[in-house]
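# Topology and contacts: notes
Read off the chains here:
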Amino acid sequence: MATSTPTGSVLPRDEVLFDRSLRTRWRLGFDRWIGWLLPLLFLVAIVPIVDLVYFVVRAAYPVLSWGNLTNTQPYANQNGNAVGLALIGTFDLMAIATAVAVLLGLFGGIATAEFLSERSAGWVRTSVNMLAGTPSVVVGYFGYFAFVLYFGWGLSLIAGALTLSFFMVPYIFRTVDLAYTSIPRPIREAALGSGARPYQYILKVGTPIAFPQVLTGVFLAMAIGLGETAPIVLTTLPSLLVPSSLNSGVTFLTYLIYDGFNHPSTGPGSNELAKAFEAAFLVMMIVIALNVVVRVFAARYKKRLEGLYQ
Amino acid sequence: MQVLGRIVPWIPALIPAALVAAVIWELLLSSGLSLRFYPWPPVFHPPQSFGWEFFGSRWNPAQNQWGIMVFIVGSFLTAVPALFLSLFIGLGIAIASTAYLPKVMTQFLDPFVDLLAGIPSVVYGIWAFIVVAPYFGHVVNPWVYDHFSVIPGFGGTPPSELGTGLPIGIFVLTIMALPITTLLIRDALQSLPKDLWESGLALGATRWEVMRRVAIPHSTRGILSAALLGFGRAFSETVALAMVLNIQSGYPVNFYHGTATLATWMFTNLDSAYGNSSWLAALSEMALVLLAISLTVNLLGRRLVSSFIAYEIAGL
């Protein structure tokens, strides 16, 4: 084209378009270098997690077998690293704790979302945050003083399960509250406007919408509960039998890990450390699986949920 | 009926508050404070109330001395350096993933940080004890000892080969607080309006300059909340620390020495305390101190949280 770049410019091209001063070169260079260096910090997160997973998988691989997982004898055979007892114990503890936590958290969450004023709900949410922020060892102490000693239940299944539920309540409460609060206002108004009683709205309109998210909260709470160690160590006693009553001893998976660290090799013909690795593998896999489910679900709801629980 | 309808929803809604109150109540009842403030007999009949001696530095059950200052100091000695490390690393990761890396890479890299939050602390503990501690014992601690022993606190008794002690405790806490700080800061940085970001670039600022002068000042609250919540996590961490800290009941003599935090001391001492009511009372009073500090930090941090991401981080 005729009107394109003038060939006989007054100034040299470089000086018009490019500032070559030392300061500018420093600014651009710094930006480029920091762009290369900062991503390296990801290694601080990635190396430990990869190493940890590799370590647990490698350590658990030789002892992980179907026989060991299903064997409920404490010291079954010569190379018996049976964790079946701990799996059953974990199932028992988690089942009771989840049931109690859902019972305590579900209604509270619905009530906070649907019936309380904005101001009151804010206070309730603060109290939920307080419960979530309570250190695990403090709750463990409460469980020990209240359930084990004061109520006289001893180091038992029920004491452990109730203590465990303290950690799960806030997560269930929060997700339930959020699930019901984030239901679009028009839906709510349409239901109430066409004559539904509040409980009818909750049961027939709110619950079907909120249910997947509530389930997410329960999963998250279970992942939290499964990872807890201190309260379980303080309130339960590992047993050599399948728990038969609420007062009997019970073995939790994380307890096995801590025990394997504490007493690496006790018991005839069984290696506690190998059991610990097995338990660590199981706990990690379950928790990661639950977390992945939670994250996949949560990503869908995130947009709807901005701004509560500040 | 109207009144009933207003009261009934409060019953389930107050459950979390009731649980917190129950914890505090029970610990108060079983601590030495009960003798001072309550007219009725406490649970364990502690023989004495500890008074201000309780914040002294001597813990010696045999001589009836119950000072917890050692453990308070130990808690801060581990939690504060860990917090600063994880805050700066988290800031770096957040900046890298917001401003510098292409989206394809952040989608691949970010889940690793999320994954760190999900690992149970006891798994961290056993990994750190078996895999990381020997490395600290043979490589890191001797190197620091050789090169920095001039600095007070870094010389003196040579580090043991086992590798347990303060440095690995700080390391473990850094890794454990990292997801919290990273996710909160990343969220705060990403909440910068796109207009501000683009107008900064259009004015000729580099990405770093927009980050430094616009995005970071804009997200001060988020960074502060990350600091507080990360500190809360590090301060109340129990099992992983108990496994790597080489628990001792005195002040650490130097950087490589073992120590104890409030949480780890409570965790490892309950067995020995059984049947000794003074001991139990002292421990439950320690629990109250730990609870007070971590609740304050947590609530402050949550007040500042700029967005909703906190709910998604496991363990927060």
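Scroll up to find the structure this text is about.
Definitions and limits used
Residues numbered from 1 in each chain as written. Chains lettered and ligands numbered in written order. Predicted model: local features only at pLDDT ≥ 70, side-chain atom pairs only at ≥ 80, totals over all residues. Heavy atoms only, no water. Helix = DSSP H or I, 4+ residues; strand = E, 2+ residues; numbered from the N terminus. Buried < 20%, exposed > 50% of the residue type's maximum accessible area, 1.4 Å probe, protein only. Contact = heavy atoms within 4.5 Å. Areas by Shrake-Rupley, 256 points an atom, 1.4 Å probe, with all protein chains shown as cover. Lys, Arg positive; Asp, Glu negative; His and termini not counted. Charge placed at Lys NZ, Arg CZ, Asp CG, Glu CD. Axes fitted to C-alpha atoms, helices over the stretch in contact; angles between N-to-C directions. Left-handed = near helix turned anticlockwise from the far one by under 90°. Core = buried A, V, L, I, M, F, W, Y, C linked by side-chain atoms within 4.5 Å. Domains from an automatic or database assignment. Buried area = accessible area lost by both parts, 1.4 Å probe. Salt bridge = Lys/Arg side-chain N within 4 Å of Asp/Glu carboxyl O. Phe/Tyr/Trp six-rings, centres within 6.5 Å; stacked < 30°, edge-to-face > 60°. Lys NZ or Arg CZ within 6 Å of the ring centre and 35° of its normal.

### Description of the overall build of chain A
When you go through chain A residue by residue, the secondary structure sums to 13 helices and zero strands. Across the 310 residues of chain A, 53% fall into the buried class. For chain A, contacts bridging at least 24 residues in sequence account for 76% of all contacts bridging at least 6. Roughly 14,800 Å² of accessible area belongs to chain A as shown, and the carbon and sulfur atoms make up 66% of that amount.

### Describing the overall build of chain B
Helix and strand counts for chain B stand at 14 helices and two strands. A principal-axis box enclosing the C-alpha atoms of chain B has dimensions of 75 × 70 × 30 Å. A total of 316 residues make up chain B; the buried ones form 58% of that total. Long-range pairs, those at least 24 residues apart, make up 71% of the contacts in chain B between residues at least 6 apart in sequence. Accessible surface computed for chain B: about 13,100 Å², of which carbon and sulfur atoms make up 66%. For chain B, the distance from the average site of its 13 positive side-chain charges to the average site of its 14 negative ones is 10 Å.

### Details of the packing of helix 9 (residues 185-193) of chain A against helix 10 (residues 198-227) of chain A
Residues and elements named next belong to chain A. Viewed as axis vectors pointing N to C, helix 9 and helix 10 meet at an angle of 145°, and their least axial separation amounts to 10 Å. For the pair helix 9 and helix 10, the crossing hand works out as right-handed. The segment helix 9 lies against helix 10, with I187, R188, A191 and L192 engaging P198, Y201, V205 and I209.

### Looking at the nonpolar core
With 177 residues, the main nonpolar core has Y141 and Y180 of chain A together with W59, L283 and M286 of chain B as its most contacted residues. When we break this core down by domain, the ones giving at least three residues each are domain 1 (20-56) and domain 2 (61-305) of chain A. If we ignore the near neighbours within four places in the chain, the residues touching Y180 of chain A are I110, A113, E114, I202, G206, T207, A210 and V214 of chain A. Listed in part, the six residues of the second largest apolar core include L116, A121, V124 and V128 of chain A.

### A short note on the interface of chain A and chain B
Residue-level contacts link 86 residues of chain A with 84 residues of chain B. In this assembly, chain A packs against chain B so that about 7,700 Å² is buried in total across both faces, 78% of it on carbon and sulfur atoms. Sorting the residues of chain A by area buried against chain B places F42, Y141 and F145 of chain A first, and these three jointly supply 10% of that buried surface. Inspection of the chain A/chain B interface yields two salt bridges.

### Examining the packing of aromatic side chains
According to the stated counting rule, one finds 29 aromatic pairs over all chains in the structure shown. Ring centres of F255 of chain B and Y256 of chain B lie 5.6 Å apart, and the angle between their planes is 75°; this geometry places the pair in the edge-to-face category. Residue Y256 of chain B is classed as buried on the basis of its relative accessible area of 5%. Linked through ring pairs, F142, F147, Y150, F151, W153 and F166 of chain A together constitute an aromatic cluster. Stacked on the ring of Y171 of chain A, the Lys or Arg R174 of chain A has its end atom at 5.3 Å from the ring centre.

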